[in-house]
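Letter by letter, the chains look like this.
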Amino acid sequence: MNAMADKNEKELAHALSLDEKHSQSELEGSSIVDGSEGVTEHELATLRHVADRLPYTAWLVVMVEFAERWSYYGTTNIYNNYIQFPLPPGSTNGAVPKALRGGDIVAGALGQGQQKSFALRTFNTFWVYCTPWIGGIIADTLWGRYKTIMVFSIVCLIGHIILVASSTPAALQSGNASLGLLALSITIMGLGAGCIKSNVSPMIAEQYTGKLRKETLPSGEVVIKSPAVTIQSMYLWFYAAINFGSCGAISASFLARDNGYWAAFLVPTCIFAIVPFILLAGRKNYVVTPPRGSILLETMRVIGFALGPRWSLNPIATYRNAKADDFWDIAKPSYYAEGQVPAKMTWDDEFVGEVGRTLSACKVFLFFPIFWLCYSQIDGNLGTVAAGMTLKGTPNDLIQNLNPISIIVMIPIFDYVIYPTLRKRGINFSPIKRIYTGFLVAGLAMVYASVLESYQNKLTPCRGGEFDKQPAACTINDIHVASPLNVWIVSGPYILVGMAEIFASITSLEYAFTKAPKRMKSVVMAFSQFQTALSSALNFSLTAVNIETKFVWLFASFAITAWIAGTIFFFTFRDLDRREGELNAIGMGDRAGFAGEAPEATTGVGKV
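The present account deals with the structure reproduced in this document. All of these numbers come straight from a predicted model, not from anything done at the bench.

What about the overall build of the protein chain?
Within the protein chain, the secondary structure is distributed over 26 helices and 7 strands. Burial statistics for the protein chain: of 608 residues in total, 54% are counted as buried. In the protein chain, 82% of the contacts between residues at least 6 apart in sequence involve partners at least 24 apart. Accessible area for the protein chain stands at about 26100 Å²; split by element, carbon and sulfur atoms hold 63% of it.

This is the structure:
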């Protein structure tokens, strides 16, 4: 009898335990997601996520980026020929005489050779991706993003005008004067373009102010209008605008070949001149985040408060202490009793969470120099490979425009087909997975380039004997002789790198915006873009092997490096994938705000 009673008690206790767990599970599932408009955790996990509509001010910013990128790529894409090759026979402005355009003669002007061309182009890339620090700091602490973009668009326009002057027939008659003006224009344009670059990316995303919410579609399906998915879509189309602008280089190649370099540089200058007017057109409607002069200092103080008690002369002990779950707690005002909060602690708890999230994001970006090494090969070295092929009147620097064209074609496919299909099937193709895929595809592009160059070396007419030269430099009796390979065969790496950019580069823009504090988005974007400068510095150290005789092994080594770095990247940061929703929620709810200002200044946005 007692045994029966004990059994009944155990069954009752087990049933009560199950009820408690079920009730707790229901309670957890019904909790509202911070910063949302009544979306529960259960709905967030089970309903399909879709993008929201983009405000028209976002499209104005897209137009700014389109014009700026047209001017940038419309000049830099023809730098290689402009610097590397001499004036064609009988030319005073770099154009190929009409009688010679059907053959394999390429446009040129300064005749400085492959290595000097590589060095100048690499410096240009390095400088353009260093100067975003300047624009980011000025915007976040002094002027705000709108004013910073406006001022430096004027600076950039001045650089374009100097570039046009450097390429006139009069300047080209004196090689040193033209080369000096080119260097000056690169410096000024790099300053302007970089300061614009760190601000236009976050400015487009901050035009969207929607929150996580439910909506019923005409089909009756209830979906989640997700800010994260909206920003992902926004940056896809932002990147499409970049590449639409990049296609301006198509006209530049033909203008240089047919009319000379002064005309080729003049067109992008005129296109860029519309940027200030686009900015003025939406002046009263842009959504902006007000600058905070002390934001960088406050960030360093947050790190100092958290790291202070954990610091040790033993670096291993410091690293272990920094990995503790409560590492950031001591930097939060709520850690202290009322009235005992340190005077220098001018932030709220949410800002501490944002700083921690930002540092995690910055560690992600540190792998990107390897990715950009692969990308850098399509910017010049593959153009040299193309110069050794049969052109039949096609400018060799025209082929690299397949990169932006392929991106433009693929972005709608990714945004409307691939990504929505994956979400509908419940496949979480998160940022870390996308970036890893980008590394793998970039490595595949380098394999293609290495195999192609190896094959071309075997077919060049200058292979062996008294004319033993690499394909691009192959001349017999002072006449350039091409390999039998058609130039369009080199399109493969350009298309594959374009796909890699969709996976990795676009995701890095999205990651930089969503993981940065509201008042530091330009600086964090600058850090993300600075990885391209580091890649250029690394590439510059490889100048000795950036010659055509080394291309086969150079491309192959970049492929292997990209695959190894990408795999290490994935296993290092896959935990961030699991925490993606949690990280994005930081700073989205109600906040106390910074000391000395209303909470709305921290959580909200204003007009210009």
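Notes on the pattern of salt bridges
Between side chains of opposite charge, pairing is possible as soon as their charged atoms come close. Applying the stated criterion across every chain yields a total of 13 salt bridges. A salt bridge links Arg145 to Asp140; its shortest N-O distance comes to 3.3 Å. The same class applies to Arg145 and to Asp140, which are both buried. In the salt-bridge network here, residues are joined through shared partners; they are Asp52, Arg213, Glu215 and Lys225.

What to know about the packing of aromatic side chains
In the structure shown here, the tally under the stated rule is 33 aromatic pairs. Ring centres of Phe414 and Tyr419 lie 5.5 Å apart, and the angle between their planes is 70°; this geometry places the pair in the edge-to-face category. The buried category is assigned to Phe414, whose relative accessible area is 5%. Classification of Tyr419 by relative accessible area gives buried; the value is 4%. Counting every residue linked through ring pairs, the aromatic cluster contains Phe367, Phe368, Phe371, Trp372, Tyr375, Phe439, Phe569 and Phe573. Here the basic side chain of Arg69 rests over the ring of Tyr72, its NZ or CZ set 4.3 Å away from the ring centre. A cation sits over an aromatic face here: Arg434 above Tyr419, 5.7 Å from the ring centre.

A word on helix α23 (residues 521–540)
Over its 20 residues, α23 extends 29 Å from the first C-alpha to the last, a length consistent with the 28 Å expected when each residue adds 1.5 Å. By the criterion of burial, α23 is predominantly enclosed, with 16 of the 20 residues buried.

Points about the packing of helix α11 (residues 248–259) against helix α12 (residues 261–272)
Between α11 and α12, whose axes approach to 7 Å, the crossing angle comes to 150°. On the basis of the axis angle, α11 is roughly antiparallel to α12. Helix-helix and strand crossings are classified by hand; for α11 and α12 the assignment is right-handed. Across from Ala252, Leu255, Ala256 and Asn259 in α11, the residues of α12 making contact are Tyr261, Trp262, Ala263, Ala264 and Val267. Of the residues contributing to the contact of α11 with α12, the split by class is 8 nonpolar, 1 polar and no charged.

Some points on the side chain of Thr141
Along the chain, Thr141 falls in helix α6 (residues 132–143). Judged by its relative accessible area of 14%, Thr141 falls in the buried class.

Observations regarding the environment of Tyr375
Tracing the sequence through the fold places Tyr375 in helix α17 (residues 368–376). Classification of Tyr375 by relative accessible area gives buried; the value is 17%. When the C-alpha positions of Tyr375 and Met446 are compared, they lie 9.2 Å apart, and in sequence the two are 71 residues distant. Tyr375 has contacts with Tyr73, Asn403, Val497 and Glu501, leaving out every residue within four places of it along the chain.

Regarding the nonpolar core
Soluble globular proteins tend to bury their nonpolar side chains together. If you look at the biggest cluster of nonpolar residues, it comprises 126 residues, and the most contacted ones within it are Tyr235, Val364, Ile411, Val490 and Ile502. With 11 residues, the top contributor of residues to this core is helix α24 (residues 551–578). The residues contacting Tyr235, other than those within four sequence positions of it, are Ser201, Pro202, Ile204, Ala205, Ile506, Leu509, Glu510, Phe513 and Met525. Core analysis: the next-biggest nonpolar cluster, separate from the first, contains 20 residues, Ile78, Val96, Ile186 and Leu255 among them.

What about the side chain of Gln377?
Mapped onto the fold, Gln377 is located in the loop between α17 and α18 (381–387). You can call Gln377 buried: its relative accessible area is 0%. If we ignore the near neighbours within four places in the chain, the residues touching Gln377 are Leu382, Met446, Asn539, Asn546, Leu554, Phe555 and Phe558.

Regarding a nonpolar patch on the surface
A contiguous nonpolar patch, built from Ile405, Val409, Ile413, Tyr416, Val417 and Ile418 and spanning about 520 Å² of accessible area, is present on the exposed surface. Summarising the element assignment, Val409 is placed in helix α19 (residues 402–424).

Digging into the pairing of strand β2 (residues 213–216)
Taken together, the 4 bridges between β2 and strand β3 (residues 222–225) define a ladder with antiparallel strand orientation. Among the inter-strand pairings, Thr216 is bridged to a residue of β3, identified as Val222. From the end of β2 to the start of β3, which pair antiparallel, there are 5 residues, and Gly220 there has a positive phi angle of about 95°.

Observations regarding helix α3 (residues 56–76)
Taking 1.5 Å per residue, 21 residues should reach 30 Å; α3 reaches 30 Å between its end C-alpha atoms and fits that length. The buried fraction of α3 amounts to 17 of the 21 residues, a majority that puts the element mostly inside the structure.

Some remarks on the sheet that holds strand β1 (residues 48–50)
Strand order in the open sheet formed by 3 strands is β1-β3-β2, and the pairing between neighbours is mixed. At either margin of the open sheet sits one strand with a lone partner, and together these are β1 and β2. Geometrically, the sheet is characterised by an average inter-axis angle of 45° between neighbouring strands, direction not taken into account. Relative to β3, β1 runs parallel, the two sharing 3 bridges. Across the sheet, Arg48 pairs through a bridge with Val223, a residue of β3.

Conventions adopted
- Residues numbered from 1 in each chain as written.
- Predicted model: local features only at pLDDT ≥ 70, side-chain atom pairs only at ≥ 80, totals over all residues.
- Heavy atoms only, no water.
- Helix = DSSP H or I, 4+ residues; strand = E, 2+ residues; numbered from the N terminus.
- Buried < 20%, exposed > 50% of the residue type's maximum accessible area, 1.4 Å probe, protein only.
- Contact = heavy atoms within 4.5 Å.
- Areas by Shrake-Rupley, 256 points an atom, 1.4 Å probe, with all protein chains shown as cover.
- Salt bridge = Lys/Arg side-chain N within 4 Å of Asp/Glu carboxyl O.
- Phe/Tyr/Trp six-rings, centres within 6.5 Å; stacked < 30°, edge-to-face > 60°.
- Lys NZ or Arg CZ within 6 Å of the ring centre and 35° of its normal.
- Expected span 1.5 Å × (residues − 1).
- Axes fitted to C-alpha atoms, helices over the stretch in contact; angles between N-to-C directions.
- Parallel < 35°, antiparallel > 145°, perpendicular 65-115°, else oblique.
- Left-handed = near helix turned anticlockwise from the far one by under 90°.
- Nonpolar A, V, L, I, M, F, W, Y, C, P; charged D, E, K, R; others polar.
- Core = buried A, V, L, I, M, F, W, Y, C linked by side-chain atoms within 4.5 Å.
- Patch = residues over 30% accessible without salt bridge, like charges linked within 9 Å, V, L, I, M, F, W, Y side chains within 5 Å.
- Pairing = 2+ DSSP bridges.

Purely geometric stuff here, so don't read any function into it on its own.
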